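Chain and residue survey
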Amino acid sequence: MASKRHQDECGKREKKKKQKRREETAELSSVVEDELAKSAVKEAWSRASRCSLGDLELDCHPFPHCVIKNFLGSDTFVENLQRELLGLNFHEKSNDLYKFKQSDDLRKRTEPHIAGLRAALFGPFRSWLGDVLGVKLEPTVDISCAKYEYTDVLLCHDDELEGRRVAFILYLVPPWQSSDGGTLDLYATDGNFQPQSISKSLVPSWNTLVLFEVSPVSFHQVSEVLSQDKCRLSLSGWFHGPSLERPPRHVEPPVPRSPHLPRDETLLLEWVNPIYLDISYQEQIQEEFEDSSEIQLKDFLKEEKFREVGEALRLSQIQWTRRGPPNKRCYEVASLDMPHDMPQCVSACWELLRSESFFLLLSNFTGLRLHYLCPADDDDDDDENKNEEKEKEEQQNTGDEDAPGSSTESPSANANRDKELSTPVCCGELRRWSHGGYTLLHDGEAARAEYALDLVLPFGCADWQTEFGGFTSYVANEEDEEVSADHSIWSVCTCVCGTSVIIFIIALFPSSSQLLTVYPEDNSLALVYRDKETLKFVKHVNHKSPSDSAGSSTCRAFYDFSFVYYE
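Residues numbered from 1 in each chain as written. Predicted model: local features only at pLDDT ≥ 70, side-chain atom pairs only at ≥ 80, totals over all residues. Heavy atoms only, no water.

Counting its regular elements, the protein chain contains 13 helices and 27 strands. A burial count over the protein chain gives 49% of its 567 residues as buried. Contacts in the protein chain between residues at least 24 apart in sequence constitute 79% of all its contacts with a sequence separation of at least 6. Accessible surface, the protein chain: about 28,400 Å² in total, of which carbon and sulfur atoms supply 48%. (Helix = DSSP H or I, 4+ residues; strand = E, 2+ residues; numbered from the N terminus. Buried < 20%, exposed > 50% of the residue type's maximum accessible area, 1.4 Å probe, protein only. Contact = heavy atoms within 4.5 Å. Areas by Shrake-Rupley, 256 points an atom, 1.4 Å probe, with all protein chains shown as cover.)

Here's what the structure looks like:
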């Protein structure tokens, strides 16, 4: 028994020796080995100034970053490293922020060149970098490999996470031009530490290392890859150490909300498909909606009204303004505060969605209290009674009397009165979605999440395909927002009534975070009721989206009226 254990231990030691012998040594650029060069880089970094030393270039605008060409000394080593990386298993990663393929964790990979590079990066190069920064970097190994191919992208973010001090990317790409996309774009920021515009774009190149300090202003993106036949292969990760101090996060002012406009049912009769004004059909819609909390109403507007608005949006000289900041959103909105600049039919459609009669119609569709004529739910009455009974029990158990000057009514009674007296409100936008448009999940949205009814009415998206992006995804409000959308299971339900069809499409994903996906469809009114635990984003519109006309390089835009209604 002892002899067998001895043999096993010897076998393990022999295996470790063999693995150690297999590791190839990665020789770093001579500029990293040069002590005088290191002192010059350290001085420049501390002064936030530029420094150029052969293959190394340091720039501190818009934030400190360093580019080292010919980072690895041996071309043979780099070629073998690329071969080993391409032989790994890659997994598609897709959420609001990105779409690309990522390898398994490289911390324990034993391929000789991968192991050799890892040892060099987190050994001598980590020491060099720590000396340059004047901080002690931790031995934490944080590295992975990514493949970006046609339409893959990583949108604007700052990389900040506890412990990350310096980010790095080593490119192993074929000859690359800026027209291929896939550039590393660095953003300038405003006084609130919010990204504004791209200040500098770094084109990937073979055997080039880029590193930058992770900070409250280190906003960057990997622009969409536009080449259909090139692979943007890279190794990336972080060196860990003491994080830089972060100022309080900027809080955006809330979007103004308005009560309904005093417009009667004449507007509905003029604009809405008559089938949706039938009371019995509205009851059927409400039943469907209450089962799933979402529905899409096909052919919602009268055909001539829909066509008129669609043509006006496409042909008229509407003034569009891009909404940002890019770490939260990027799309265009029309200014509806100046009706003289807006086609009359577009303004009328806007009024329809804000009108009192439309609030009542939505109440009939959903059962929500969006109008005072909407009857109260029996369930709500039961809940109010339960709350009052619970309040009375608590008062009896504690035996406390009301404090002088305090209200004699229970908090639940006050809350009920507030609910009864509250006025339903809404906020809305007319949006244009073109190549590069998106919205992202962010902390501010999560903090303000509340019960609401979302409405989207699209125009100009005939033949729009899922792979183009531009769809709205609803996800659970969880700490980990990295939703993997590897495979989707489609559930399409239809309800036929007369010549109209109610369609509601659910894309169910393996990740429990993904709740619902709503795809743009011409003249299809999408209604989704969300709670405080639900967030939404619009997926990045990519280069696959159709062009304006045959032979045009400009991707076609589509439009939507987007509203949120609150009880």
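A few words now on unusual backbone geometry. Residue Pro-62 is reached from His-61 by a cis peptide bond, and omega for that bond is 5°. With respect to the helices and strands, the residue Pro-62 is situated in the loop between strand E2 (56-59) and strand E3 (65-68). In this structure, the amide linkage connecting Gly-324 to the following residue, Pro-325, adopts the cis form with an omega of 0°. Here Pro-325 shows up in the loop between strand E16 (320-323) and strand E17 (329-334). Phi is positive for Phe-193, close to 60°, though the residue is something other than glycine. Inspection of the secondary structure puts Phe-193 in the loop between strand E9 (184-189) and strand E10 (195-202).

Once the charged atoms of two side chains with opposite charge are near each other, the side chains can pair. Evaluated as defined, the whole model comprises 26 salt bridges. Lys-99 is paired through a salt bridge with Asp-152; the nearest N and O atoms lie 2.6 Å apart. With Lys-99 in strand E5 (residues 98-103) and Asp-152 in the loop between strand E6 (143-148) and strand E7 (153-157), this residue pair connects regions lying 53 residues apart in the sequence. For the salt bridge of Glu-332 with Arg-432, the shortest nitrogen-to-oxygen distance reads 2.9 Å. Highlighted residues: Glu-332 in strand E17 and Arg-432 in strand E18 (residues 425-433), separated in sequence by 100 residues. (Salt bridge = Lys/Arg side-chain N within 4 Å of Asp/Glu carboxyl O.)

Once that is clear, we can look at the pairing of strand E25 (residues 525-530). Burial runs high along E25: 5 of the 6 residues are buried. Strand direction decides the pairing type here: strand E15 (residues 294-297) and E25, joined by 4 bridges, are antiparallel. Residue Glu-294 lies in a different strand from E25, and its bridge partner there is Val-528. As paired strands, strand E20 (residues 452-459) and E25 are joined by 5 bridges and run antiparallel to one another. What sits directly across from Asp-454, in E25, is Val-528. (Pairing = 2+ DSSP bridges.)

With that settled, consider helix H9 (residues 344-354). Taking burial as the measure, the 11 residues of H9 include 9 buried ones, the bulk of the element. For H9, the full list of buried residues reads Cys-345, Val-346, Ser-347, Ala-348, Cys-349, Trp-350, Leu-352, Leu-353 and Arg-354.

Their axes nearest at 6 Å, the elements helix H7 (residues 279-292) and helix H10 (residues 356-366) cross at an angle of 60°. Viewed along their axes, H7 and H10 adopt a mutual orientation that is oblique. Residue-level contacts link Gln-282, Ile-285, Gln-286, Phe-289 and Glu-290 of H7 to Leu-361, Ser-363, Asn-364, Phe-365 and Thr-366 of H10. For the contact of H7 with H10, the per-class residue count stands at 4 nonpolar, 5 polar and 1 charged. (Axes fitted to C-alpha atoms, helices over the stretch in contact; angles between N-to-C directions. Parallel < 35°, antiparallel > 145°, perpendicular 65-115°, else oblique. Nonpolar A, V, L, I, M, F, W, Y, C, P; charged D, E, K, R; others polar.)

This next bit is on the side chain of Arg-164. Note on placement: Arg-164 falls in strand E8 (residues 164-171). The side chain of Arg-164 sits in the buried core without any salt bridge; Asp-159 is the nearest counter-charge, 4.3 Å away. Looking at Arg-164, its side chain comes within polar contact range of the main-chain oxygen of Asp-159, at 3.2 Å. Ignoring sequence-local partners within four residues, the contact set of Arg-164 consists of Asp-159, Val-214, Trp-238, Phe-239, His-240 and Ser-243. (Lys, Arg positive; Asp, Glu negative; His and termini not counted. Polar contact = N/O pair within 3.5 Å; in protein donor to acceptor, adjacent residues only side chain to side chain.)

Moving on, we come to the packing of aromatic side chains. By the definition in use, this model includes 26 aromatic pairs. Geometrically, the ring pair formed by Trp-464 and Phe-468 is edge-to-face, given 5.2 Å between the ring centres and 85° between the ring planes. Take Trp-464 and Phe-468: they sit in the same class, and that class is buried. Of note, Lys-147 hangs over the ring of Phe-90, and the distance from its end group to the ring centre comes to 4.6 Å. (Phe/Tyr/Trp six-rings, centres within 6.5 Å; stacked < 30°, edge-to-face > 60°. Lys NZ or Arg CZ within 6 Å of the ring centre and 35° of its normal.)

For the rest of this paragraph, the subject is the environment of Lys-532. Along the chain, Lys-532 turns up in the loop between E25 and strand E26 (534-538). Accessibility expressed as a relative area gives 44% for Lys-532, which makes it partly exposed. Here the alpha-carbon distance between Lys-532 and Ala-449, two residues 83 residues apart in the chain, equals 4.8 Å.

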